[in-house]
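Examination of the molecular architecture
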Amino acid sequence: MIRYYPEKIIILDDARVRDSIITKNILSAVEGRNISVSYFCEEKIAAMIQDAKKLENSYGEGKKTLLITANRGEFLKKCPGTNDYICCDYYIIDFAQNCPMECTYCILQAYLNNPFMVVYANIEDLFAELNSRLFADPHKKYRIGTGEFTDSLALEHLSEYSKILMDYFSDKPQFIIEFKSKTDYVKTFTNRSGARRNVIISYSMNAANVNRFEELKTATIEERLIAAAECVKAGYKITLHFDPIIDYDDFETEMALTVELIFKYLKPRDILYISLGAFRFIPALAEIIALRFPKSRIIYNEFIKGYDKKSRYFRFKREKLFASVIDSIKKYDTASEIEIYFCMESPEMWNALLKKAPRSDEELGGTLYDKCRNCFKAI
Ligand code: SF4
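Attention in this report is confined to the structure presented alongside it. (Residues numbered from 1 in each chain as written. Predicted model: local features only at pLDDT ≥ 70, side-chain atom pairs only at ≥ 80, totals over all residues.)

Along its length, the protein carries 16 helices and 18 strands. Taken against the 2.2 N^0.38 rule, which gives 21 Å for 379 residues, the C-alpha radius of gyration of the protein at 20 Å falls within 12% of a compact globule. Once the C-alpha set of the protein is aligned to its principal axes, its extents read approximately 55 × 50 × 35 Å. Once local pairs closer than 6 in sequence are excluded, the contacts in the protein between residues at least 24 apart make up 81%. (Helix = DSSP H or I, 4+ residues; strand = E, 2+ residues; numbered from the N terminus. Rg over C-alpha atoms; globule rule 2.2 N^0.38 Å. Contact = placed C-beta atoms within 7 Å.)

The structure is reproduced here in structure tokens:
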């Protein structure tokens, strides 16, 4: 896949950003390319963001600029859920925002209020926050990801952020860190001597036609799986996320082909868990999808409003889609080595398809955490 390079780099003129290893890595990675680099104060950058928001295709145009700045808020966030669905008690490090890839369904289009690609370079503040918060409760089973407000690896060839985070967590095996991606970037994991025992590499999976028509500028499913197989070869474990599962043409056939491809490249024992989540969206996102991707049909279907106020498929349809994916996986995972769970589903859905339901978010988070830890200990 084609790696992202910005046309312009804007750097906050603040010592914590200017002198950061992240800024240095990015500048060194773009050296020799025709990319303008400017240093500006906070007020000037705020004005530039406002101007970029007025552009006709601000979502697309804004990504041509990479803003290296400081995160003034909290880095560590809890993945937002709702009390009415079962969540997996996941935490996120907010190290960057926005994404150079273009999935039609991407929630970031409706969520972010800055169209630039953003990287937070004040990494010493990040480490200070992690040091003070992660150790506050010694019993907490933290699974922490970085791929919520961006793709974990989309800018890795520039910033090497994941590599730095891996180093930070290397002497803290009690925390599980997950890098989630739709890229095929593996250098961070294959270039090291010995896999880190608390690191998981995670790939989004989908039906091949969804990948082709709705996940623009991403790696193909096969490229992601080749990358996953390289990570396995380097000693890592993999997790897979079928999210969003979309009611698409020839769903069963296309999805069965994706599952077949998964097990062409990976063995069940290589995969710790697989999550399933059905397409859901807020009204603002539907408007953006219609405007930016007029050929996409994904918002033209029958939906109901969920407890989280998001539109989602009717229960019978979600159940049918999930059942089809689970049946395909079970054909290969005959010994049930892979933990399968739902993202944001009710206990009724769990009981109907998985014959069990966690009693709380913490219980599900604990199950996934224990699965990772036991597997890492056994290696
Ligand atoms: S890869 Fe993820 S973050 Fe990037 S556009 Fe697609 S859904 Fe959004």
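What follows deals with the sheet that holds strand S10 (residues 176-181). Reading across from one edge, S4-S5-S9-S10-S11-S13-S14-S18 is the order of the eight strands in this open sheet, with mixed pairing throughout. In this open sheet, the two strands that pair with only one neighbour each are strand S4 (76-78) and strand S18 (339-342). Across the sheet, the axes of successive neighbouring strands diverge by a mean angle of 25 degrees, strand direction being ignored. Relative to strand S14 (residues 271-278), strand S13 (residues 237-245) is paired through five bridges, and the arrangement is parallel. Note that in S14 the partner of Ile245 across the bridge is Ala278. Across the face of the sheet, helix H11 (residues 221-233) comes into contact with strand S11 (199-205) and S13 while running at roughly 165 degrees to S11. (Pairing = 2+ DSSP bridges. Axes fitted to C-alpha atoms, helices over the stretch in contact; angles between N-to-C directions.)

Quick look at the site of the ligand now. In the vicinity of the ligand, the contacting residues are Cys99, Met101, Glu102, Cys103, Cys106, Leu108, Thr150, Asp151, Lys182 and Thr218. Partitioning the shell around the ligand into residue classes produces five nonpolar, two polar and three charged. (Near = placed C-beta within 6 Å. Nonpolar A, V, L, I, M, F, W, Y, C, P; charged D, E, K, R; others polar.)

Their axes nearest at 9 Å, the elements helix H12 (residues 251-265) and helix H14 (residues 315-332) cross at an angle of 30 degrees. Here the hand of the crossing between H12 and H14 comes out right-handed. Along its contact with H12, which presents Phe251, Glu252, Met255, Ala256, Val259 and Phe263, the element H14 presents Leu321, Ser324, Val325, Ser328, Ile329 and Tyr332. Within the contact of H12 with H14, the residues separate by chemical class into nine nonpolar, two polar and one charged. (Left-handed = near helix turned anticlockwise from the far one by under 90°.)

Attention now goes to the pairing of S11. In the case of a regular strand, side chains alternate between the two sheet surfaces. Here S11 lies mainly inside the structure; seven of its seven residues are buried. Residues Val199, Ile201, Tyr203 and Met205 point to one face of S11 and Ile200, Ser202 and Ser204 to the other, with burial holding for every one of them. Examined bridge by bridge, S10 and S11 share five bridges and lie parallel to one another. Looking at the pairing, Lys180 lines up with Ser202 of S11. Inspection of the sheet shows S11 paired to S13 by six bridges, in the parallel sense. From the neighbouring strand, Met205 faces S13, where its bridge partner is Phe242. (Buried ≥ 20, exposed ≤ 12 C-beta atoms within 10 Å, placed from the backbone.)

So, about the environment of Ser336. On the secondary structure map, Ser336 appears in the loop between H14 and S18. In the structure, Ser336 is positioned 68 residues away from Pro268 in sequence and 8.2 Å away in space, judged by C-alpha atoms.

Between H11 and H12, the shortest axis-to-axis distance is 9 Å and the interhelical angle comes to 25 degrees. Taken together, H11 and H12 sit at an angle that is classed as roughly parallel. As for the relative orientation of H11 and H12, their crossing is right-handed in sense. Across the interface between the two elements, Ile221, Glu222, Leu225, Ile226, Ala228 and Ala229 of H11 pack against Thr258, Leu261, Ile262 and Tyr265 of H12. Taken together, the residues of the contact of H11 with H12 break down into eight nonpolar, one polar and one charged. (Parallel < 35°, antiparallel > 145°, perpendicular 65-115°, else oblique.)

Nonpolar side chains in soluble globular proteins tend to end up buried together. Of all hydrophobic cores here, the largest spans 96 residues; its most connected members are Ile68, Val119, Ala228, Cys231 and Ile238. Excluding residues within four positions of it along the chain, Cys231 makes contact with Val186, Phe189, Ile201, Tyr236 and Ile238. (Core = buried A, V, L, I, M, F, W, Y, C linked by C-beta atoms within 7 Å.)

For an α-helix, 3.6 residues make a turn, and residues three or four places apart therefore share a direction. Between its terminal C-alpha atoms H11 stretches 18 Å, which fits the 18 Å expected from 13 residues at 1.5 Å a residue. Of the positions making up H11, those classed as buried are Ile221, Arg224, Leu225, Ala227, Ala228, Cys231 and Val232. The buried residues of H11 occupy an angular sector of 155 degrees when the element is viewed end-on, so they sit on one face. Packing partners of the buried residues in H11 comprise helix H9 (187-190), S11, helix H10 (208-214), S13 and H12. (Expected span 1.5 Å × (residues − 1). Arc of directions from axis to C-beta.)

These figures capture arrangement, not role.
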